[in-house]
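Fold and geometry: a report
In case you want the letters, here they are:
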Amino acid sequence: MSRRYFGTDGVRGTIGTVPMTADFVLRLGYAAGRVLLSQHRQGPQERPTALIGKDTRVSGYMLEAALEAGFSAAGVNVLLCGPLPTPAVAYLTRALRVAAGVVISASHNPYPDNGIKFFSADGSKLPDTFELEVERLLEQPMGCESAQSLGRARRINDAAGRYIEFCKSTIPASLDLHGLKIVIDCAHGAAYHIAPHVLHELGAEVHAIGVQPDGYNINRECGATHPEALVSAVREHHADLGIALDGDADRVLMSDATGKVFDGDALLYALVRHRLTQGPVAGVVGTLMSNLALEQAFARLNIPFERAPVGDRYVLERLRARGWLFGGENSGHLLCLDKHTTGDGLVSALQVLVAMREGAATLAALTADLVLYPQVLINVPVASGFDHTKFSAIAQVQSEVERSLGARGRVLLRASGTEPLLRVMVEGADETEIRACAEKIAAVVRRAAQSQGH
């Protein structure tokens, strides 16, 4: 059975269009509830519970209510957490021993978009079999349990506090952040009332930006997708360090006092290199977008490196298959499976801070022997379902560029899993050359996309 609604990161779209409508999400909650009930193994008098968290988008109110109603109609209890980072939902799902966790968020997308993703009882992404069964049930008419079998809902008032304590527990009890001045940019998103408290309670002097969500400003010119806001604030406050999260706080970028930005590749290298001081590292998983220099740097450290398809779920799948602990994407999704079951921007930042503290080193020093190759990424808007492999002109220009670069670079074309975009990435030693190459390919893609639209 092919997927109709679930993508690489749950169900996602623009509010007001299927699948992001109140009636569809009501049916989605009901279908997911029925699957949970079918998998429930406790006594007949008990029913499964789903925990729901969301980011700060105005549409979260509508979708939360629809999901709650769908679960209740299926006979599933609901715990409502309000605004909470995606990794916090994964943690609480595991900590509270509930059947599933649900996050209402479109991560780094602008506010008109939203999405829904599910976590299993152990705090990891639910398997494909769950999603396929939900899709099958979505094709059936929605029903409703009898009044005596409906699910109940209640709010968890201390969800943020529980997660704050969990984040603090991921660093050694003997370590603190006293003497560090840190800027934290929460992207007006789900960590706005959490990340500043974690850093402050660990002893840092904290200057918080992106902590005034109004329902519409999530990710707007701030956060991990716009690190220039962080760099400006670090300079303004003469801070030692800056940390930028995205709207649901599962990705992170950092900046040092000079204004240099460290992406996910650099941060992954810094924390893995530090872990080497504590013992061997079996291997690391990156993605097709991971910088070639990162792969070469791990080779110098005799650490195996593998590439997964783009998307943190694929990195996680590869890590579990290999029994490895560390992986990530250059966008800032980092996985430290010795600390959490899923990618967590704040926990990852704390691991980098531990590396800096215990190594008495700056971020620049920790990554001094990692010289990343320039990467040029151009996002070309395309129609939904656009398949670039069907256009001979795109294949031809890609082949031409690859021949011209030879061993000095590489080309990657891939469809976004969350937006109607084709991502054109060219990597190599000469930035001027690769930019020209990327523009050349993007121009052909635009023409192909326009021809399909007519």
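Note: the structure precedes this text.
Residues numbered from 1 in each chain as written. Predicted model: local features only at pLDDT ≥ 70, side-chain atom pairs only at ≥ 80, totals over all residues. Heavy atoms only, no water.

Under the criterion given, the structure shown has 25 salt bridges. A salt bridge links Arg 313 to Glu 131, with the shortest nitrogen-to-oxygen separation between them at 3.5 Å. Within this pair, whereas Arg 313 is found in helix H10 (residues 312–322), its partner Glu 131 is found in helix H4 (residues 128–138), the two being separated by 182 residues in sequence. The burial state of Arg 313 is the same as that of Glu 131; both residues are buried. (Salt bridge = Lys/Arg side-chain N within 4 Å of Asp/Glu carboxyl O. Helix = DSSP H or I, 4+ residues; strand = E, 2+ residues; numbered from the N terminus. Buried < 20%, exposed > 50% of the residue type's maximum accessible area, 1.4 Å probe, protein only.)

Let's shift gears to the sheet that holds strand E9 (residues 205–209). Sheet strands associate in pairs through backbone hydrogen bonding, adopting either a parallel or an antiparallel arrangement. Ordered by their spatial adjacency, five strands build an open sheet running E9-E8-E10-E11-E12, and the pairing between neighbours is mixed. In this open sheet, the two edge strands, each paired with only one partner strand, are E9 and strand E12 (261–262). Relative to strand E10 (residues 241–245), strand E8 (residues 181–185) runs parallel, the two sharing four bridges. Paired with Ile 182 across the two strands is Leu 241, which belongs to E10. In this fold helix H8 (residues 264–275) packs onto strand E11 (252–256) and E12, with an angle of close to 80 degrees to the strand it touches most, E11. Each of E8, E10 and E11 touches helix H11 (residues 345–359); the most contacted strand, E10, lies at about 160 degrees to it. (Pairing = 2+ DSSP bridges. Contact = heavy atoms within 4.5 Å. Axes fitted to C-alpha atoms, helices over the stretch in contact; angles between N-to-C directions.)

With 15 residues, helix H2 (residues 60–74) should reach 21 Å at 1.5 Å per residue; the first-to-last C-alpha distance of 21 Å fits that figure. Within the sequence span of H2, burial applies to Gly 60, Leu 63, Glu 64, Ala 66, Leu 67, Gly 70, Phe 71, Ser 72, Ala 73 and Ala 74. Of the surrounding elements, those touching the buried residues of H2 are helix H1 (22–39), strand E3 (49–54), strand E4 (77–83), strand E5 (100–104), strand E6 (113–120) and strand E7 (153–155). Just downstream of H2, Gly 75 is the residue with a positive phi angle, here 95 degrees. (Expected span 1.5 Å × (residues − 1).)

Our next topic: the state of the cysteines. For the coordinates displayed, the defined rule picks out zero disulfides. With no disulfide partner, Cys 167 has as its closest neighbouring cysteine sulfur the one in Cys 186, 11 Å distant. Since its relative accessible area comes to 0%, Cys 167 is described here as buried. (Disulfide = S-S within 2.5 Å.)

Right, let's get into empty space enclosed by the protein. Going through the model one piece at a time under the given rule, you end up with three cavities of 30 Å³ or more. Volume-wise, the largest cavity comes out at about 90 Å³. Here the residues of the lining of the largest cavity sort into three nonpolar, two polar and five charged. In this structure, the second largest cavity occupies an estimated 40 Å³ of space. (1 Å grid on protein atoms, 1.4 Å probe; cavity = no way out; pocket = protein on both sides within 12 Å on 5 of 7 lines; lining within 4 Å. Points joined across faces, edges and corners; volume = space filled by probe spheres on them. Nonpolar A, V, L, I, M, F, W, Y, C, P; charged D, E, K, R; others polar.)

The next subject is the environment of Phe 119. Looking at where Phe 119 falls in the secondary structure, it is placed in strand E6. Take Phe 119: its relative accessible area is 0%, and that puts it in the buried class. The sequence separation of Phe 119 and Ile 164 amounts to 45 residues, and the corresponding C-alpha distance is 20 Å. The contacts of Phe 119, once residues within four sequence positions are left out, are Thr 86, Val 89, Ala 90, Thr 93, Ala 100, Gly 101, Val 103, Ser 124, Lys 125, Leu 126 and Thr 342.

In this section: the packing of H1 against H2. In the contact formed by H1 and H2, the axes pass within 7 Å of each other and the chain directions differ by 40 degrees. Compared by their axis directions, H1 and H2 come out oblique. Handedness of the crossing formed by H1 with H2: right-handed. Taken together, the residues of H2 that come into contact with H1 (itself represented by Ala 22, Val 25, Leu 26, Gly 29, Tyr 30, Ala 32, Gly 33, Arg 34, Leu 36 and Leu 37) are Met 62, Leu 63, Ala 66, Leu 67, Ala 69, Gly 70, Phe 71, Ala 73 and Ala 74. In terms of residue class, the contact of H1 with H2 is built from 15 nonpolar, three polar and one charged. (Parallel < 35°, antiparallel > 145°, perpendicular 65-115°, else oblique. Left-handed = near helix turned anticlockwise from the far one by under 90°.)

So, on to the side chain of Asp 55. Structurally, Asp 55 can be placed in the loop between E3 and H2. Owing to a relative accessible area of 2%, Asp 55 belongs among the buried residues under this scheme. With sequence-adjacent residues up to four places away left out, Asp 55 is seen in contact with Pro 83, Ile 104, Ser 105, Ala 106, Ser 107, Ala 190, Ile 218 and Gly 247.

This brings us to helix H7 (residues 228–236). Inspection of H7 places Leu 230, Val 231, Ala 233 and Val 234 among the buried residues, and these make up the whole buried set. Along the long axis of H7, the arc covered by the buried residues comes to 165 degrees, so they all point the same way. If you follow the buried residues of H7, they end up packed against E8, E9, E10, E11 and E12. Looking at the residues trailing H7, positive phi occurs at His 238, about 50 degrees. (Arc of directions from axis to C-beta.)

Shape descriptors only; they carry no functional weight alone.
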